[in-house]
Amino acid sequence: MSVFGDVPLAPPVAVFKLSADFREDGHPQKVNLGVGAYRTDDCQPWVLPVVKKVERLIVEDAGLNHEYLPILGLPEFRSASSKVALGDGSAAIKDGRVGGVQALGGTGALRIGAEFLRRWYNGVNNTATPVYVSAPTWENHNSVFADAGFKDIRPYHYWDAAKRGLDLAGLLDDLEKAPEHSVFVLHACAHNPTGTDPTREEWKQISEIMKRRSLFVFFDSAYQGFASGDLDKDAWAIRYFVSEGFELFIAQSFSKNFGLYNERVGYLTVVARDSENLSRTLSQMEKIVRTTWSNPPSQGARIVSKTLNCPELFAEWKSNVKTMADRVLLMRDQLKAKLQALGTPGTWDHITQQIGMFSFTGLNPKQVEYMIAEKHVYLMASGRINMCGLTTSNIDYIAQSIHDAVTKKSHFFRVENKLNRSLGRCLINMVGVFSPDVLCCCATLLPQKEKTSFTDH
Amino acid sequence: MSVFCEVPQAAPVAVFKLSQDFNNDQFPNKVNLGVGAYRTDEGQPWVLPVVKKVEKIIVQDGSLNHEYLPILGLPDFRSSASKIALGEDSPAIQENRVGAVQCLGGTGALKMGAEFLSRFYNGNKNTKTPIYVSAPTWENHNAVFANAGFEDVRPYKYWDAENRGLDFAGFLEDLEVSCFLTGLNGVRLYFGHDSFSLGVNSTCSIFCLQQSCPEHSVFVLHACAHNPTGTDPTQEQWMQIAEVMMRRKLFVFFDSAYQGFASGCLDKDAWAVRYFVSVGFEMFCAQSFSKNFGLYNERVGNLTIVARDADNLKRVLSQMEKIVRTTWSNPPSQGARIVSITLNSPELFTEWKDNVKTMAGRVLMMRAQLKAKLQGLGTPGTWEHITEQIGMFSFTGLNSKQVEYMVKERHVYLMASGRINMCGLTSSNINYVAESIHEAVTRVQ
């Protein structure tokens, strides 16, 4: 009898399962539009030229060793990270009230922030503080906060499937109705999975309510530079909130914009009222880090730090980032153009309106199933595609596949309906699919505590 | 008003505070015998030659990229790391019942193991399962398990300060005893494991009932080179420990941070771990490659899992994936690549073992010299323990007042427990350190 006899088998993480299925597929034209990593036009991973350059510098630098980093991380990395997010001329940084924790990618930054908030925010060990994540959101948000001990993780309205855009009214309403001091996880730019961000005007409205209602701002910033190609533009929302006087957290990832996915380079920027509050906060974060990974890994932080702190390398990096962002924009343009040329039913403007790595195509689960099973084009069940998976070689095939999915999975009509709020926090999706012969409707009720997001990475 | 205004200032981690004070100290003869990292005879950090070599190989390998590793880590790293612990020819590995999770150093491996146990071991989310850590132990053990949710982290007897050795009888007692009564005069009356015969001592009039060591308790064992005492059980003693743990269904959680570093021989240092596997335990082994590869800051660790069979292993690993996913998502590549390339290449592996022997050899030499010098000075007390203890640390036996004297008056920095890092000793400073110890022992009681 094993001591592990009762341990249940956990289901695989959806996005990795998708990639595993893709790998096993023998079809010559298969395409992987699942996992969120950049690909070149040859559909290859891309090690940024500036990264290769800096890796050589590091290996040749005899002055470096492998001694433990401080618990909070490499100092030059920490200061450079905050500057990237908040801007070189950030008043908050000058005021000495910005600090942070080097963390294991964006995930690690979210986790440290969540652990801290659960212990010390809104009381001591107040696991009942509601944490709001967008509907939909990155599939791991819910679990990170739940594993940090929060008992009440809720969706806030975000994606309006009917109009294929931001449900601003729903979002603002959720902000107004959330208990004071609730935590809101906001996507700084290039919302994952919808690619739909609030406009600046809309951010201002969000900010006004959050300030008035004392809601805690927790930004997730995984795509700075990647969304528009411009670091400052992509950081506008964060900087606006800081300028409005919020104390806030920003979980930054350098996985995508540095292509350093596997070195786990992340940072939790902390903006506090003043340096004294900052200092106590960081001291408690040290304790959390100490029992999780003790101190962070060096390689990725060194690469990022060297790059950000050297003007030429910084310029080269920005150029590499623009290369990636531009290729994505090109693929967006081309995909939309091809779908329009094919006369694919529906509107496809959202493909170029959405920004960042992902596009929420609007394909329904049956159409997604068709894409995978019949066309060997792998995408998430939510209809999310990674634009980076598109290349000049496969874009025609993909456009044709989408066209076939939309037309062959018959005429479809789709109704999204939001439940009357007096019945609580539920979202009803009514998806109607009908073939010439059969009309059927599927209604999915997603109660408050269920994952509100579709699986993605 | 800040949302953080009620957040209390946390006390700094002692060993890092010590290093900080050391760094700020201007005294020319200052010595840092605190933090546990290897130093050369020049008092410098040492990047292992084999590591430098492999780092160059990596940077020149145009086929490598930075795509996400699998959640459980680099496959070649995981398998080779487990092989290092269990042996090339481990039957358990051949039986496909050994798995691994690449983790962030030894700390990360302990954390993953602890998080898993708190969810799935001894019932569902049974946070009341007692966790036993040695008295004393690495300062972070307690906090790692507590933060994983365990409510009952307890000491097991280990260090006998008076005799400066292992309190083996006390250790066994803590493993063995179901419950006991303590009388006024400290006399303990034991209930046997199976029987409840009770003998009463007529002089004991007041009893307090204490429970000790429920079945299924988790024991954190140091695989070798116990931190901080440097005192390990003998092979005979390990066999006795194993017998009790098997009989009482106690969970074996090895912490292996110094394999190769203790004796200079990888296999010798892994004897206890391999013995326990051979007698059939299912267990965890948290491995760190920080010390034996000198890769402290790349956070290279591995949680080796030994299960009854492949099916149980599979289910365990699937749950570990979920825990990893919400903590760091997937592990960092650089350190794992270095270790993996090294362990999987016969020449590099040989070179590495040689580098390890260099480090272990220097420590052994410093031990021998320190003892000789103290004996030469006629320092009161016995100093055999300095050469009897193994690994990076020595539990000098200095009391807290003597330690304070060492730090303040002599600018020799060591932990309040009297623990010194032997690696901090060099041929240049050993006389000064020996004299300082001599002064501390003779002047301060």
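Residues numbered from 1 in each chain as written. Chains lettered and ligands numbered in written order. Predicted model: local features only at pLDDT ≥ 70, side-chain atom pairs only at ≥ 80, totals over all residues. Heavy atoms only, no water.

Draft legend 1. Region of interest: the domain arrangement of chain A. Residue and element names in this part refer to chain A. Under the domain assignment, chain A is made up of domain 1 (14-47 + 326-407) and domain 2 (68-309). Contacts between the two partners involve 17 residues from domain 1, matched on the other side by 15 residues from domain 2. For the domain 1 face of the interface with domain 2, the top three residues by lost area are Ile355, Phe358 and Phe360, together amounting to 38%. If you look at where domain 1 meets domain 2, you find zero salt bridges. Counting the contacts that link domain 1 with domain 2 gives five residue pairs in polar contact (both at pLDDT 80 or more). Per-class residue counts for the side of domain 1 that touches domain 2 are eight nonpolar, eight polar and one charged. (Domains from an automatic or database assignment. Contact = heavy atoms within 4.5 Å. Buried area = accessible area lost by both parts, 1.4 Å probe. Salt bridge = Lys/Arg side-chain N within 4 Å of Asp/Glu carboxyl O. Polar contact = N/O pair within 3.5 Å; in protein donor to acceptor, adjacent residues only side chain to side chain. Nonpolar A, V, L, I, M, F, W, Y, C, P; charged D, E, K, R; others polar.)

Draft legend 2. Expanded view of the UniProt feature "domain: Aminotransferase class I/classII large" (unreviewed entry) in chain A. Feature annotation in UniProt places "domain: Aminotransferase class I/classII large" (unreviewed entry) on residues 29-402 of chain A, given in this structure's numbering. Regarding residues 29-402 of chain A, the helix share stands at 45% and the strand share at 15%, and the terminal C-alpha atoms are separated by 14 Å. (UniProt positions renumbered as here; feature names shortened; annotations may be inferred. Helix = DSSP H or I, 4+ residues; strand = E, 2+ residues; numbered from the N terminus.)

Draft legend 3. Spatial organisation of the UniProt feature "domain: Aminotransferase class I/classII large" (unreviewed entry) in chain B. UniProt feature "domain: Aminotransferase class I/classII large" (unreviewed entry): in the numbering of this structure it lies at residues 29-176 and 212-437 of chain B. As annotated, residues 29-176 of chain B comprises 42% helix and 16% strand, and the C-alpha atoms at either end are separated by 49 Å.

Draft legend 4. Representation of the packing of aromatic side chains in the model. Counted by the stated rule, this structure contains 60 aromatic pairs over all chains. Considering the side-chain rings of Phe254 of chain A and Phe258 of chain A, the 6.0 Å spacing of their centres and the 70° angle between planes classify their relative orientation as edge-to-face. Classification of Phe254 of chain A by relative accessible area gives buried; the value is 1%. On the basis of relative accessibility, which here comes to 1%, the residue Phe258 of chain A falls in the buried class. A centroid spacing of 6.2 Å and a plane angle of 45° characterise the contact between Phe145 of chain B and Phe150 of chain B, whose relative ring orientation is tilted. Phe150 of chain B carries the same exposure label as Phe145 of chain B, and that label is buried. Grouped by ring-pair contacts, the aromatic residues Phe4 of chain A together with Phe116, Phe120, Tyr121, Phe145, Phe150, Phe251, Phe253 and Phe284 of chain B constitute a single cluster. Geometry around Trp348 of chain A places Arg164 of chain A over its ring, the cationic atom sitting 5.7 Å from the centre. Sitting over the ring of Trp383 of chain B, Arg164 of chain B keeps its end group 5.5 Å from the ring centre. (Phe/Tyr/Trp six-rings, centres within 6.5 Å; stacked < 30°, edge-to-face > 60°. Buried < 20%, exposed > 50% of the residue type's maximum accessible area, 1.4 Å probe, protein only. Lys NZ or Arg CZ within 6 Å of the ring centre and 35° of its normal.)

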